[in-house]
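Read off the chains here:
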Amino acid sequence: MPTQNKADIKSTISTLKSELQATNDEPIGIFDSGVGGLSIAQCINQQLPNENLLYVADTLHAPYGEKSAEFIQQRVNEIAQWFIKRKAKAIVVACNTATVNAIDQLRKNISIPVIGVEPAIKPAANLSKNKKVAILVTKATAENQRFLALVTQYSNNSEVIIQPCPGLVELIEQDMKNSPECKLMLTTYLMPLLEKGVDTIVLGCTHYPLVKNLIGEICGDSVMVMETAQPVTEQLQRQLALHKLVNLSNNLGTTTFYSSKYSPTQRALFTHIWQGPLILNSYP
Ligand code: DGL
């Protein structure tokens, strides 16, 4: 056993004591361009109920899918700094478009764990019987090199069709996900895929799980629809454990919501999607 002097022993004991006392109740920052990331936040809230969550919807700048990589990176950095000022212990980029365009540079610039959204291409390619998979994404994701490399890497021996869905995020943000306009738009995007024999659809934008029922209605039961909230939550759980950041308190955590374009209509949309009462604050 190595010999330790009195000062070393004292400092070891004080480190151990503070580790025992730390409850790690600092919040986890979660953000998206709008309400899409709520599908991820909901899963995290259900499975890690002790954690405190801060959710930011950058609605003033939505849709990210129509913006440049530089603009998205600027927004992501600003929101990440805002979380850090609020002592966030980890950040979840609950947005595919922001993940592929900005997560690598974000990870280089900050020291807390950053969890992104990776579309389920690999499991979809393995599960597809026809070996025909489609991935629904925003325009900015469809054009991104990191995303295209991911598709090539994980497509296995399946054909992966990339389907951009411009306009869909805007309809969801306007609470028009059950409207005839939304059904028509989705039908226009999905029909050609079905005609090509696609039997597995990957949702490559966190807004799209909010229209999963409609996608199911159009495609029928024989088409499998895959989303990513569960794997993201599991990855967050692993990262918190690895960095000794799991909230050890026995209290139920809180979720605080922010929007960069607050309005009573948006608050109603949040409440509807979250399926419970909430307070929506103005960001910043
Ligand atoms: N929810 C987003 C995503 O996952 C962003 C969509 C957008 O703002 O265009 O890609």
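Here we summarise the structure given alongside this text. Just so it is clear, the structure is predicted and the values come from calculations on it, not from any experiment.

1. Some details on the layout of surface pockets
Over the atoms rolls a probe the size of a water molecule, and its path tells where empty space is left.
Phase 1 of the analysis: The computed volume of the largest pocket comes to approximately 320 Å³.
Phase 2 of the analysis: The wall of the largest pocket is formed by 18 residues, among which R107, V114, I115, G116 and Q235 lie closest to the centre.
Phase 3 of the analysis: Of all the elements in the fold, those that place two or more residues in the lining of the largest pocket are α4 (96-109), β4 (114-115) and α11 (229-242).
Phase 4 of the analysis: Looking at the lining of the largest pocket, its residues break down into eight nonpolar, six polar and four charged.
Phase 5 of the analysis: In this model, the second largest pocket occupies a volume close to 270 Å³.
Phase 6 of the analysis: Every residue lining the second largest pocket is counted, 13 residues in all, and those nearest its centre are T59, E173, Q174, K261 and Q266.
Phase 7 of the analysis: Mapped onto the lining of the second largest pocket, the elements with two or more residues apiece are α8 (168-173) and α12 (264-274).

2. Let's talk about the pattern of salt bridges
Phase 1 of the analysis: Summed over the entire model, instances satisfying the criterion amount to nine salt bridges.
Phase 2 of the analysis: With a shortest N-O distance of 2.9 Å, R75 and E78 are connected by a salt bridge. Taken together, the residues span about one helical turn, with R75 and E78 both in helix α3 (residues 69-85) at a distance of three residues.
Phase 3 of the analysis: For E217, the salt bridge identified is with K183, shortest N-O distance 3.0 Å. Of this pair, E217 sits in helix α10 (residues 212-219) while K183 sits in helix α9 (residues 180-195), and the two are 34 residues apart along the sequence.
Phase 4 of the analysis: Accessibility expressed as a relative area gives 54% for E217, which makes it exposed.
Phase 5 of the analysis: What you see here is one network of salt bridges that share partners, running through D58, R75 and E78.

3. Description of the environment of L127
Phase 1 of the analysis: Here L127 lies in helix α5 (residues 121-127).
Phase 2 of the analysis: Residues L127 and N45, 82 residues apart in the sequence, show an inter-C-alpha distance of 29 Å.
Phase 3 of the analysis: Not counting chain neighbours up to four residues away, the residues in contact with L127 comprise M224 and M226.

How each quantity is defined
- Residues numbered from 1 in each chain as written.
- Predicted model: local features only at pLDDT ≥ 70, side-chain atom pairs only at ≥ 80, totals over all residues.
- Heavy atoms only, no water.
- 1 Å grid on protein atoms, 1.4 Å probe; cavity = no way out; pocket = protein on both sides within 12 Å on 5 of 7 lines; lining within 4 Å.
- Points joined across faces, edges and corners; volume = space filled by probe spheres on them.
- Helix = DSSP H or I, 4+ residues; strand = E, 2+ residues; numbered from the N terminus.
- Nonpolar A, V, L, I, M, F, W, Y, C, P; charged D, E, K, R; others polar.
- Salt bridge = Lys/Arg side-chain N within 4 Å of Asp/Glu carboxyl O.
- Buried < 20%, exposed > 50% of the residue type's maximum accessible area, 1.4 Å probe, protein only.
- Contact = heavy atoms within 4.5 Å.

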